[in-house]
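Summary of structural features
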Amino acid sequence: WRSRTSVQKLIQEGYVSVALATPDRPTGEPVVELRSGRKLLADSRVVVEIPEELRVRPPHPSPRPVEILYEDEAMIAVDKPPGIAVHPAGRHLSDTMIQRLFALLRRRHGDDRHFVKLCHRLDRETSGVLLCGKDPESHRNLMGQFENRRVDKEYLAIVWGAPEGEHGRIDFPLASARASRVRLKMACAVDGMASLTEWRVVRRHAGCTLVSCLLHTGRQHQIRVHMEAIGHPLVGDKLYGADDDYFLRAAEGELSREDVRELGLSRHALHNHRLAVTHPRTGVRVEFVSPLATDMEEFLRDR
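A brief look at the structure comes next. (Residues numbered from 1 in each chain as written. Predicted model: local features only at pLDDT ≥ 70, side-chain atom pairs only at ≥ 80, totals over all residues. Heavy atoms only, no water.)

1. Remarks on the overall build of the protein
Along its length, the protein carries seven helices and 15 strands. A compact globule built from 303 residues should have a C-alpha radius of gyration of about 19 Å, and the protein, at 21 Å, falls within 12% of that. Along the first, second and third principal axes, the C-alpha set of the protein runs to 70 × 45 × 40 Å. Of all 303 residues assigned to the protein, the portion counted as buried reaches 44%. A sequence separation of at least 24 residues applies to 63% of the contacts in the protein between residues at least 6 apart. (Helix = DSSP H or I, 4+ residues; strand = E, 2+ residues; numbered from the N terminus. Rg over C-alpha atoms; globule rule 2.2 N^0.38 Å. Buried < 20%, exposed > 50% of the residue type's maximum accessible area, 1.4 Å probe, protein only. Contact = heavy atoms within 4.5 Å.)

2. Focus on the nonpolar core
Formed by 29 residues in total, the largest nonpolar core has its most connected members in Leu 101, Val 116, Ile 223 and Met 227. Among the elements of the structure, strand 5 (75-80), helix 2 (97-109), strand 7 (127-133), strand 8 (152-160), strand 12 (197-205), strand 13 (208-215) and helix 4 (222-229) are those that each provide at least two residues to this core. Among the elements that make up this core, the one with the highest residue count is helix 2 (six residues). (Core = buried A, V, L, I, M, F, W, Y, C linked by side-chain atoms within 4.5 Å.)

3. Quick word on the sheet that holds strand 2 (residues 31-32)
Sheets are built from strands paired through backbone hydrogen bonds, the pairs being either parallel or antiparallel. What the three strands build is an open sheet, ordered 2-1-3; its pairing is antiparallel. In this open sheet, the two strands that pair with only one neighbour each are strand 2 and strand 3 (45-48). Here strand 1 (residues 16-19) runs beside strand 3; their pairing, made up of four bridges, is antiparallel. Within the sheet, the bridge partner assigned to Val 16 lies in strand 3 and is Val 48. (Pairing = 2+ DSSP bridges.)

4. Re the pattern of salt bridges
Going through the model one piece at a time under the given rule, you end up with 23 salt bridges. The partner of Asp 95 in a salt bridge is Arg 100, with the nearest N and O atoms 2.9 Å apart. Looking at Asp 95, the relative accessible area reads 34%, which means it is partly exposed. A single salt-bridge network, built from bridges that share partners, covers Glu 154, Arg 200, Arg 274 and Glu 287. (Salt bridge = Lys/Arg side-chain N within 4 Å of Asp/Glu carboxyl O.)

5. As for the layout of surface pockets
The volume enclosed by the second largest pocket comes to roughly 230 Å³. Every residue lining the second largest pocket is counted, 16 residues in all, and those nearest its centre are Glu 67, Asp 79, Lys 80, Pro 81 and Pro 82. Every element with two or more residues in the lining of the second largest pocket is listed here: strand 5, helix 2 and strand 7. Classifying every residue of the lining of the second largest pocket gives eight nonpolar, four polar and four charged. (1 Å grid on protein atoms, 1.4 Å probe; cavity = no way out; pocket = protein on both sides within 12 Å on 5 of 7 lines; lining within 4 Å. Points joined across faces, edges and corners; volume = space filled by probe spheres on them. Nonpolar A, V, L, I, M, F, W, Y, C, P; charged D, E, K, R; others polar.)

6. Section: unusual backbone geometry
Phi at Asp 43 is positive, roughly 80°, even though this residue is not glycine. Locating Asp 43 in the fold gives a position in the loop between strand 2 and strand 3. Judged by relative accessible area, which is 68%, Asp 43 ranks as exposed. The backbone of Arg 149 shows a phi angle near 60°, a positive value even though the residue is not glycine. By the element assignment, Arg 149 lies in the loop between helix 3 (136-147) and strand 8.

Right, dumping it as structure tokens:
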């Protein structure tokens, strides 16, 4: 139930020990290992001791249904609601999307002997298509497609203002925003990683615009940073916009009604609308589509 980052943190904080195996002797006594990149010989033994306060409990069946967009023996695509984490991390250790999927399969099959693993991630506030592999080989194939940029990814976003023209390309490299108080914040930087977003106007409204964004790279917060960089931050974005104090207050649970009114929405207005991959078994191109999330549609209806 853990994210890769949370496992690395367990290693860095000394909760993981390794009993090494060598060619001339069997496995010895476990010794604390602080290097997450350590390579091990076959038959080495890894011991993970998770303190009580950091334990993630197995999921209980969620009363909320999982909306399935597509499913076969190799993969499952679901419609992720906003406000739900994709996997346990930080303060969000229960009722995540991956836990809901495990609970769904447990109810369906009556046991825990099933495989489902995320092929990509969406921010907790982002809604839309979420794809998982249902067997190790299919999962590796799909992950490879994401890593090698063979996946078509189209997002819908509501941005403040009226972009000039009907379409455009944003080709700004991205790197960590070193000057920010928020460690995960990104920024455009000449020494950053190559990042390319294509956008086009879908509908114009009073004071805001619904745009479609095609991702040619998959950098952290790419659409949010790129749209802010051209002067049109996302509605509801607490991190990229007028003031990242909104994000800090939200992290402490102190976001006020006035804050939400100023932001426009209680979450950033970003929706993973369309995802297309090559089927890992048949080689046929498959597309998954999620209609615009209800809260974003209602926001536009009121403009």
